[in-house]
Amino acid sequence: MSVETLNEEQQLINQYHSNDYLLSFPSKNILGKGKAVELTEEEQRGLSFRKRIESLLHKGTLNGMENPIVIGALPFHQQDKGTLVIPEEIQQSEVYQNVDNSLSSDTISSTHIQSIPSGKEYAKAVEKITKEIKEGKLEKAVLGRVLQIDVDKQPDISHLIQNLITHNHDKYNFALNTSEEGKEKTLIGASPELLISKKGSIVVSNPLAGSRPRQKDPEKDVLIAQELRHSEKDLHEHQLVVQSVLNALRPFCKKLHVPEEPSVIHTETMWHLSTEIIGHLEDPYTQSIEIAENLHPTPAICGTPNDIALENIRQLEPFNRDYFTGLIGWSDKNGDGEWAITIRCAEIEENMIRMFAGAGIVKDSVPEEEKNETAAKLQTMLRVFGIDFYEEEGNESC
Ligand SMILES: C=C(O[C@@H]1C=C(C(=O)O)C=C[C@H]1O)C(=O)O
């Protein structure tokens, strides 16, 4: 029998239990257990994201904590409630090259799957938005949908965690206990998109916009990535986001570095146009959440202009986004923190899983292609759960 020593990252992952708070980010892993202090729904009401975090950190300090760390998920709509806690116990670890890749064998089966709206309705809504864009009412709106899946048993999240991290090791992975009023819930996901990280006087934001599904055939896959790199439609869609992020960062920064052109990055299921922006803060004590709040919602997940895009989202999406396209991350007393955008995610409640995906719609968007883009994005979480679901026959994306 061979005995292998587990690296500290794997040890931390192995200690996750379904009511914990886990962030497995490219910079570090944080595992929180128990709630030392939390901000209830009542206490959050009417407070901005920044005020919520400040008031929680203040509670922590009053409780005698020297270095409290807040872990949380904030909603898409600023007035909705979030989950914010300072855990009783925190473990942190570095990120290693390798994690255990013996994938979970705990299989679950779906008994019923429903897309809200249906694929057809989604395509119709995309068409409606492109029409409004052509009429000059807005430039971009991001339209989402939900896949509601009933499964034969309650998923064991500690098993799923290993799948999640193995498939998306260089991404912003999370599993957070979002239970409320006796309902046990977990928010789980693997976001590729960093809204803001702040360490000392350096901030980084990495907006993504403009996407293509990955292809099974490696040659086709490379061609698709090249096509994305040169697609005018996608470069325009991407530029709207980069400009908005720069405008929001400028007041905080004395220096900003922006690459001249976006690069193309990938996840297991998607190609994305990506721009990593690095800023030097005027004031190194600026809170990460203050910057995040000014950036949110970026046109990567809402649109341009923001208020008109929001109005379209409210009218055309037949569900509330809740945590989807909100923020997930951590923050400490010095204002350091990391906030990713809550995408490629699912919420689990007993035997029901709700998976979310959206796509940015611009003037030249083709409804069927946008629908396929959301279907490909949904594959990220479908794979984590081991659920085989392809919307269409003969769909070649992987
Ligand atoms: C909204 C999502 O993704 C966002 C939309 C993208 C796009 O339209 O190209 C790309 C990345 C994300 O900013 C999602 O994954 O659900």
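Structure: see above.
Presented here is a report on the structure given in the accompanying data block. (Residues numbered from 1 in each chain as written. Predicted model: local features only at pLDDT ≥ 70, side-chain atom pairs only at ≥ 80, totals over all residues. Heavy atoms only, no water.)

Moving on, we get to the overall build of the protein. Helices and strands together make up the secondary structure of the protein, namely 10 helices and 20 strands. Computed over its C-alpha atoms, the radius of gyration of the protein comes to 20 Å, within 12% of the 21 Å expected for a compact globule of 398 residues. With respect to the three principal axes, the spread of C-alpha positions in the protein is 55 × 55 × 40 Å. Of all 398 residues assigned to the protein, the portion counted as buried reaches 56%. A separation of at least 24 residues holds for 75% of the contacts in the protein among residues at least 6 apart in sequence. About 17600 Å² of surface is accessible on the protein, with carbon and sulfur atoms providing 46% of the total. (Helix = DSSP H or I, 4+ residues; strand = E, 2+ residues; numbered from the N terminus. Rg over C-alpha atoms; globule rule 2.2 N^0.38 Å. Buried < 20%, exposed > 50% of the residue type's maximum accessible area, 1.4 Å probe, protein only. Contact = heavy atoms within 4.5 Å. Areas by Shrake-Rupley, 256 points an atom, 1.4 Å probe, with all protein chains shown as cover.)

What follows concerns the site of the ligand. Around the ligand, the surrounding shell holds 17 residues, and the nearest of these are E193, S211, R344, G358 and G360. At 3.2 Å, a side-chain N or O of E237 approaches an oxygen atom of the ligand. Within the side chain of E373, a nitrogen or oxygen atom sits 3.4 Å from an oxygen atom of the ligand. For the ligand, whose free accessible area comes to 390 Å², the fraction covered by protein is 100%. Judged by the proximity of its atoms to the pocket grid, the ligand belongs to the largest cavity. Of all the elements in the fold, those that place two or more residues in the shell around the ligand are strand 11 (208-213), strand 20 (352-361) and helix 10 (367-385). By residue class, the composition of the shell around the ligand is seven nonpolar, five polar and five charged. (Near = heavy atom within 4 Å. Polar contact = N/O pair within 3.5 Å; in protein donor to acceptor, adjacent residues only side chain to side chain. 1 Å grid on protein atoms, 1.4 Å probe; cavity = no way out; pocket = protein on both sides within 12 Å on 5 of 7 lines; lining within 4 Å. Sits in = over half its atoms within 2 Å of the grid points. Nonpolar A, V, L, I, M, F, W, Y, C, P; charged D, E, K, R; others polar.)

Unoccupied space between atoms shows up once a probe the size of one water molecule is rolled over them. The computed volume of the largest pocket comes to approximately 450 Å³. As for the largest pocket, its lining consists of 24 residues, of which S27, Y172, L194, S197 and E338 are closest to the centre. Among the elements of the structure, strand 9 (194-199), strand 10 (202-206), strand 13 (263-266) and strand 18 (337-341) are those that each provide at least two residues to the lining of the largest pocket. Looking at the lining of the largest pocket residue by residue, the class counts come to 10 nonpolar, six polar and eight charged. (Points joined across faces, edges and corners; volume = space filled by probe spheres on them.)

Of note, N163 is situated in helix 5 (residues 157-167). Overall, the relative accessible area of 7% leaves N163 in the buried class. Within polar-contact distance, the side chain of N163 engages the backbone oxygen of V384 at 2.9 Å.

Before going further, it helps to examine helix 8 (residues 288-295). Turn by turn, an α-helix covers 3.6 residues, leaving residues three or four places apart pointing in a common direction. Most of helix 8 is tucked away: seven of the eight residues are buried. The set of residues buried in helix 8 consists of S288, I289, E290, I291, A292, E293 and L295.

Turning our eyes to something else, we now look at helix 3 (residues 49-62). Taking 1.5 Å per residue as the helical rise, helix 3 with its 14 residues ought to reach 20 Å, and the 20 Å between its terminal C-alpha atoms agrees with that figure. Residues F49, R52, I53, L56, L57 and G60 constitute the buried set of helix 3. Here the buried residues of helix 3 occupy an arc of 125° about the axis, which is enough to place them on one side. Summarising the geometry of helix 3, the exposed residues directed more than 90 degrees from the buried face are H58 and L62. Just past helix 3, the residue G64 takes up positive phi, approximately 85°. (Expected span 1.5 Å × (residues − 1). Arc of directions from axis to C-beta.)

The pairing of strands in a sheet comes from backbone hydrogen bonds and takes either a parallel or an antiparallel form. Taking strand neighbours across the sheet as the criterion, the three strands line up as 11-14-13 in an open arrangement whose pairing is antiparallel. The sheet terminates laterally at strand 11 and strand 13, the two strands that pair on one side only. Pairs of neighbouring strands in the sheet enclose a mean axial angle of 30°, with direction left out of account. Where strand 13 and strand 14 (residues 270-274) come together, four bridges link them in antiparallel fashion. Within strand 14, the position partnered with I265 by the bridge is H272. Its contacts with the sheet place helix 6 (residues 218-230) against strand 11, strand 13 and strand 14, and it is angled at close to 25° to strand 14. (Pairing = 2+ DSSP bridges. Axes fitted to C-alpha atoms, helices over the stretch in contact; angles between N-to-C directions.)

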